[in-house]
Number of protein chains: 2
Amino acid sequence: MKILLVSHGSFSKGLSETMTMVLGPQEDLDYLGLYPEKSVDDLKTCVEEKLKEYGDEEVLVFTDLYFGSPFNAVVQLMERYDVYHITGINVPLLMETIVMKNNGKSIEEICDEVIRLASGSVCDVRKQFKELLEGEDSK
Amino acid sequence: MKILLVSHGSFSKGLSETMTMVLGPQEDLDYLGLYPEKSVDDLKTCVEEKLKEYGDEEVLVFTDLYFGSPFNAVVQLMERYDVYHITGINVPLLMETIVMKNNGKSIEEICDEVIRLASGSVCDVRKQFKELLEGEDSK
């Protein structure tokens, strides 16, 4: 199973580098970015080249933004390529994905679990700590 | 109101660059990264310098990962600095934050809205499209 990050600009590059820093090098993790000097069609061509390169491997594509240009490029390719696609990726969800993949979970299980974990992956720390302290005070 | 992104490695840099590409330059958006050659205390010092520089402005810090080192550095500073802190940031939620900020929403409203939007910001595109197509077929 291959994981491909596709985003506007360097978000996908930064996310990939951070993941390497936290979990160590991941040979199945790759990224592409849409930069101002490139057209959406250029990006689509680059994504398609990656998909061809992966051959029969299952592919999970993560894009940055619903209805953004990278998202649209991947959606257009989904008509011809049987890839999985989740949008709105963040660090904890990509980390969970890699850990589950390395533990042998199926790509369907991983997609379901990422969506299940999504809301809990974003957290208001200040509010949470306040609630904890108020809980302590009322004891 | 200032927005500061703090992460392992270049995730925060990439996220900031992508946001500039999508929304244009944002003078209140800043970032810091923890790199292998730096200690967590170095990062904490850099975050504290930024907080001092911001003076009386309200600050919303976004970190990459619950209980990661950047998260912990910010949490330690929250004992002495009155900052808002949300962890698990992604592109759509940062975009919403900047749009809400530029529309004059309060920092409390923004934090509540980010948490409310979190689960919907991550989406399984393949599943959603399948459901749409099945809905069309059953008509």
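Further up the page is the structure itself.
In every chain, residue numbers begin from 1 and rise along the written sequence. Labels are handed out in written order, letters beginning with A for the chains and numbers beginning with 1 for the ligands. Confidence filtering applies because this is a predicted model: local features only for residues at pLDDT of at least 70, side-chain atom pairs given and counted only at 80 or more, and all residues used for totals across whole chains, interfaces and linings. The basis for the side-chain values is all heavy atoms of the structure; hydrogens and waters are excluded.

(A) Representation of the pattern of salt bridges in the model. Residue and element names in this part refer to chain B. By definition here, a salt bridge exists when the distance from a side-chain nitrogen of Lys or Arg to a carboxyl oxygen of Asp or Glu is within 4 Å. Tallying each qualifying case throughout the model produces 16 salt bridges over all chains. Two residues, Asp30 and Lys50, come together in a salt bridge whose shortest N-O distance is 2.8 Å. Of the two residues, Asp30 is situated in strand β2 (residues 29–34) and Lys50 in helix α2 (residues 40–54); the sequence distance between them amounts to 20 residues. The salt bridge involving Glu113 is made with Arg116; its shortest N-O contact spans 2.8 Å. Each helix is a run of DSSP H or I of at least 4 residues and each strand a run of E of at least 2, with the numbering of both proceeding from the N terminus.

(B) Here's a closer look at helix α5 (residues 107–117) of chain A. Burial classes: relative accessible area under 20% of the type maximum marks a residue as buried, over 50% as exposed, and values in between as partly exposed (1.4 Å probe, protein chains only). Burial in α5(A) covers these residues: A:Ile107, A:Ile110, A:Cys111 and A:Val114. What you see down the axis of α5(A) is that its buried residues fit within an arc of 100°, all on one side. Relevant arc is that of directions from the helix axis to the C-beta atoms, nothing else.

(C) Here's a closer look at helix α3 (residues 69–78) of chain A. Within α3(A), seven of the 10 residues are buried, which leaves it mostly tucked inside the rest of the structure. Throughout, a residue-residue contact means that at least one pair of heavy atoms, one from each residue, lies within 4.5 Å. Where α3(A) is buried, its residues touch β1 (2–8), β2 (29–34), α2 (40–54), β3 (59–63) and β4 (84–87) of chain A together with α6 (125–137) of chain B.

(D) The relation of the copies chain B and chain A, seen in detail. Alignment of the copies relies on least squares applied to C-alpha atoms, considering only residues that score at least 70 for pLDDT in both. Superposing chain B onto chain A requires a rotation of 180° together with a translation of 0.0 Å along the rotation axis, leaving an RMSD of 0.0 Å. Such values leave the two copies arranged in the relation of a two-fold axis. Nearest to the rotation axis, the C-alpha of B:Ser119 is located 2.0 Å from it, this being the minimum over chain B. Comparing contact sets, 100% of the residues at the interface of chain B also lie at the interface in chain A, consistent with an isologous, same-surface contact.

(E) Fine view of the sheet that holds strand β5 (residues 123–124) of chain B. In short, DSSP must find at least two bridges between two strands for them to pair. Read from one edge to the other, the open sheet built from five strands follows the order β2(A)-β1(A)-β3(A)-β4(A)-β5(B), with strand pairing classed as mixed. Each edge of the open sheet carries a strand with a single partner, namely β2 of chain A together with β5 of chain B. Where β3(A) and β4(A) come together, four bridges link them in parallel fashion. Residue pairing across strands places A:Thr63 opposite A:Thr87, the latter belonging to β4(A).

(F) Looking closely at the side chain of B:Arg126. By the element assignment, B:Arg126 lies in helix α6. Here the side chain of B:Arg126 touches A:Asp82 through a polar contact of 2.7 Å, side chain to side chain. At 3.4 Å, the side chain of B:Arg126 forms a polar contact with the backbone oxygen of A:Val83. Discounting chain neighbours no more than four positions away, the residues touching B:Arg126 are A:Met78, A:Asp82, A:Val83, A:Tyr84 and A:His85. Nitrogen and oxygen atoms within 3.5 Å of one another constitute a polar contact, given that in protein one can donate a hydrogen and the other can accept it, and given that sequence-neighbouring residues count only through two side-chain atoms.

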